[in-house]
Amino acid sequence: MKVVAAYLLAVLGGNTCPSAEDIKEILASVGAEADDARIELLLSEVEGKDVTELIAAGREKLASVPGGGGGVAIAAPVAGAGAPAAAAEPKKEEKVEEKEESDDDMGFSLFD
C-alpha cells in the first residue's frame, strides 16, 4: 500500500511516469523501507496506463463490493385484513428526563 501511495504522490506532484528511484526517494523521505519486488510489480502493472483511468476502474470494482458491518434486515409486516388498527399508528416516543445529580453532597461547588 505504501508503494501505491508513493506512486500516487509522485503523480500528484507532477511526475506523470514515476520511476522506481522516484518511489524509493519518496519512501525514504518518510523513513519507510522500499521493497524492490513490490515497486517493480506496481510499475509493470501501471505501465502505459493513465492514473485517473486506473482510479475510475478501481472505483467501479469497489462499488460492487458489499460494505458496512453485518446489518440486520428487518422485514416490515404486511398489513392484511386481520391487522389491528393500532399497529398502523406510529408509536409515540416518551421522553424520560433524568434528574441531575446535585453537588450538595460533595461539599463544594466548581463555580464558587
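See the structure printed just above.
My aim in this report is to walk through the structure given alongside it, one point at a time. None of these values were measured; they are calculated from a predicted model.

**Topic: the overall build of the protein**
Helices and strands together make up the secondary structure of the protein, namely 4 helices and 0 strands. Reading the helices (α) and strands (β) of the protein from amino to carboxyl end gives α-α-α-α. A total of 112 residues make up the protein; the buried ones form 12% of that total.

**A short note on the packing of helix H1 (residues 2-12) against helix H3 (residues 36-46)**
Between H1 and H3, the shortest axis-to-axis distance is 10 Å and the interhelical angle comes to 55 degrees. Between H1 and H3, the crossing angle belongs to the class labelled oblique. Two packed elements cross with a definite hand, and for H1 against H3 that hand is right-handed. Residues Val3, Val4 and Tyr7 of H1 form the contact with H3, whose participating residues are Arg38, Ile39, Leu42, Leu43 and Val46. Of the residues contributing to the contact of H1 with H3, the split by class is 7 nonpolar, no polar and 1 charged.

**Overview of the pattern of salt bridges**
Under the criterion given, the structure shown has 2 salt bridges. Between Lys24 and Asp36 there is a salt bridge whose closest N-O contact spans 2.9 Å. Pair noted here: Lys24 is in helix H2 (residues 20-29) and Asp36 is in helix H3, with a separation of 12 residues, a long-range link. Arg38 is the salt-bridge partner of Asp35, the closest N and O atoms lying 3.3 Å from each other.

**Brief notes about the layout of surface pockets**
The space that makes up the largest pocket amounts to roughly 220 Å³. Surrounding the largest pocket, Met1, Val4, Tyr7, Leu8, Leu42, Val46, Val51, Leu54 and Ile55 form its lining. Secondary-structure elements contributing two or more residues to the lining of the largest pocket are H1, H3 and helix H4 (51-63). Residue composition of the lining of the largest pocket, grouped by class: 9 nonpolar, no polar and no charged.

**Description of the packing of H2 against H3**
Put simply, H2 and H3 touch, their axes get as near as 10 Å, and they point 130 degrees apart. The angle between H2 and H3 falls in the class oblique. H3 is crossed by H2, and the crossing has right-handed handedness. Contact residues: H2 offers Ala20, Ile23 and Lys24, while H3 offers Asp36, Ile39, Glu40, Leu42 and Leu43. Class assignment for the residues of the contact of H2 with H3 results in 5 nonpolar, no polar and 3 charged.

**Section: a nonpolar patch on the surface**
A surface patch of nonpolar side chains, about 400 Å² in accessible area, is lined by Met1, Val4, Leu8 and Ile55. If you trace the backbone, Val4 turns up in helix H1. Val4 sits in the partly exposed class, given a relative accessible area of 34%.

Reading the values: the criteria
- Counting from 1, residues in each chain are numbered in the order their sequence is written.
- Per-residue local features of the predicted model are confined to residues with pLDDT of at least 70, and side-chain atom pairs are confined, for both listing and counting, to 80 or more; whole-chain, interface and lining totals are unaffected and use all residues.
- Based on all heavy atoms of the structure, the side-chain values leave hydrogens and waters out of the count.
- Counting from the N terminus, the helices are the DSSP runs of H or I reaching at least four residues and the strands are the DSSP runs of E reaching at least two.
- Here the term buried applies to any residue with accessible area under 20% of the maximum for its type, exposed to any over 50%, and partly exposed to those in between, with areas from a 1.4 Å probe on protein chains only.
- The convention used is that axes are lines fitted to C-alpha atoms, helices contributing only their stretch in contact, and that angles between N-to-C directions extend from 0 to 180 degrees.
- Note on terminology: angles under 35 degrees are roughly parallel, angles over 145 are roughly antiparallel, angles of 65 to 115 are roughly perpendicular, and the others are oblique.
- Each crossing is labelled by how the near helix is turned from the far one, with a counterclockwise turn of less than a right angle marking it left-handed and a clockwise turn marking it right-handed.
- Throughout, a contact is declared for two residues whenever any of their heavy atoms are within 4.5 Å.
- Here the nonpolar group is Ala, Val, Leu, Ile, Met, Phe, Trp, Tyr, Cys and Pro; Asp, Glu, Lys and Arg are the charged ones; every other residue, Gly included, is treated as polar.
- When a carboxyl oxygen of Asp or Glu lies within 4 Å of a side-chain nitrogen of Lys or Arg, that pair is called a salt bridge.
- Of the two site types, the cavity is a set of points on a 1 Å grid over the protein atoms alone where a 1.4 Å probe fits but cannot get out, and the pocket is an open set with protein on both sides within 12 Å along at least five of seven lines, each lined by residues with an atom within 4 Å of a point.
- Grid points are joined across faces, edges and corners, and a volume is the space filled by probe spheres set on the points.
- Residues enter patches when they are more than 30% accessible in relative terms and free of salt bridges; like-charged ones are connected within 9 Å and nonpolar ones (Val, Leu, Ile, Met, Phe, Trp, Tyr) within 5 Å.
- Note on areas: Shrake-Rupley with a 1.4 Å probe; residue coverage comes only from the protein chains shown.

By themselves these figures say nothing about function.
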